Amino acid sequence: MVEDNGSIRTLSVDIGGSGVKVMVLDITGHPLTERARLDTPQPAKPETVINAIVVLAASQGEFHRVSVGFPGVVRYGVTETAVNLDKEWIGFDLQTALAKQLNKPVRVINDADMQGLGAISGKGLELVITLGTGFGSALFIDGKLVPNMEMGHHQFRKGETYEEQLGRAALEKIGEKKWNRRLEKAIASLQHLFNYDCLYIGGGEAVKVNLQLPLNVKLIPNITGLLGGIALWRN
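Predicted model only: the values in this text are computed from it and were never measured. (Residues numbered from 1 in each chain as written. Predicted model: local features only at pLDDT ≥ 70, side-chain atom pairs only at ≥ 80, totals over all residues. Heavy atoms only, no water.)

A. Molecular detail of the sheet that holds strand β9 (residues 125-131). Taken together, the 5 strands give an open sheet; going across it, the order is β11-β10-β9-β14-β15, and neighbouring strands pair in mixed fashion. Each having just a single partner strand, β11 (144-146) and β15 (217-219) make up the two edges of the open sheet. Adjacent strand axes in the sheet meet at a mean angle of 25° when their direction is disregarded. Note that strand β14 (residues 198-202) and β15 share 3 bridges and pair parallel. Considered in β15, the bridge of Y200 is made with K218. Lying over the sheet, helix α6 (residues 176-194) contacts β9, β10 (135-141), β14 and β15, oriented at roughly 155° with respect to β9. (Pairing = 2+ DSSP bridges. Helix = DSSP H or I, 4+ residues; strand = E, 2+ residues; numbered from the N terminus. Axes fitted to C-alpha atoms, helices over the stretch in contact; angles between N-to-C directions. Contact = heavy atoms within 4.5 Å.)

Shown next, in the form of C-alpha cells:
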C-alpha cells in the first residue's frame, strides 16, 4: 500500500435499501471525488450489489483501500442480518468477496456506525439514528463505538418497532406531518433511555425532519455516511 503520507485514497461505500453510494476520501476524510450513486438492485442479492459497487468504483479513479457501510449487523466482515436487502446476505463474507472483486483491502461495518464515525465529537455519550429505508442506530462513549446496536427492530410504540413507525414505508403511508410527530416522540423516548449528551439524526429522510429540535439534537447530511469511512482505518 502507498505510504501513510497523505496520498492514501479510500473508496467509501454506503449500501442502502434504495441506493448504493461511493466516494473517494483523502487520508483526513475529505472528499476527493463527487459522490456517485446507483439504485440498489432488486432483488438486492450479494452478487448484484457487489456488481453495482464495482461499476461505481470504476468511475472514481485510483484508490488503495475500501470502507463499506452495510445496513445490518456486521461481524468480522460477515453480514449477519439484512432486513431491507435479500436473505442471501445472512452469513455472507462481504469483506472477503469485495476484496477479491476490487483487489484491494476492505473493511466493513454497520452503515449507521459508519455514519456516526463521520459525525461524532468523541466526547461523552453520543447517539446516532439514521432515517431511510429503515431505522439505523449507533452508540458511542467518548468516541468508542458500541457495535451492532440494531435499535430499529426494538419495540417503540403501539406494538411496533422504531423501523415500523419511522421507516420510509411508514413515512409514505402517513405523510410528513404525522411522521414528524412520531419522530418527536422517539427523540423524547431515546433521551429518557440513553440520557445522551448529543443525538445526531442522519439518513436519506432526515431532510424531511421539520421539528423544533432540542439543543442537544443535530441533523447531519446524508453524505456523512460516506465521510465516516476513513475512520475504519484509524488504529
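B. Structural detail: α6. In a regular helix each residue adds 1.5 Å, so 19 residues correspond to 27 Å; α6 covers 26 Å between its end C-alpha atoms and thus fits that length. All of the buried residues along α6 are W179, N180, R182, L183, A186, I187, L190 and F194. Summarising the axial view, the buried residues of α6 lie within an arc of 160°, below the 170-degree limit, and thus occupy one face. Exposed side of α6, more than 90 degrees from the buried face: K177 and H192 are the residues found there. Two residues or fewer after α6 comes N195, characterised by a positive phi angle close to 50°. (Expected span 1.5 Å × (residues − 1). Buried < 20%, exposed > 50% of the residue type's maximum accessible area, 1.4 Å probe, protein only. Arc of directions from axis to C-beta.)

C. Geometry of the packing of aromatic side chains. Overall, the coordinates contain 4 aromatic pairs when judged by the stated rule. When the centroid spacing of 4.9 Å and the interplanar angle of 50° are considered together, the rings of F70 and W89 count as tilted. With F70 in strand β4 (residues 65-70) and W89 in the loop between β6 (78-79) and β7 (92-93), this residue pair connects regions lying 19 residues apart in the sequence. Note on W89: relative accessible area 0%, which makes it buried. Ring geometry for W89 and F92: centres 5.4 Å apart, planes at 85°, overall edge-to-face. The structure contains a cluster of three or more aromatic residues connected by ring pairs, namely F70, W89 and F92. (Phe/Tyr/Trp six-rings, centres within 6.5 Å; stacked < 30°, edge-to-face > 60°.)

D. Structural detail: the pattern of salt bridges. Scanning all chains against the criterion turns up 7 salt bridges. Across the pair K45 and E88 runs a salt bridge whose closest N-O atoms are separated by 2.9 Å. Residue K45 is found in the loop between β3 (36-39) and α1 (46-58), and its partner E88 is found in the loop between β6 and β7; the two are separated by 43 residues along the sequence. Of the residues examined, K45 reaches a relative accessible area of 29% and is grouped as partly exposed. A residue is classified by how much of its surface remains accessible, and E88, at 44% relative accessible area, is partly exposed. Here E205 makes a salt bridge to K208, at a shortest N to O gap of 3.0 Å. (Salt bridge = Lys/Arg side-chain N within 4 Å of Asp/Glu carboxyl O.)

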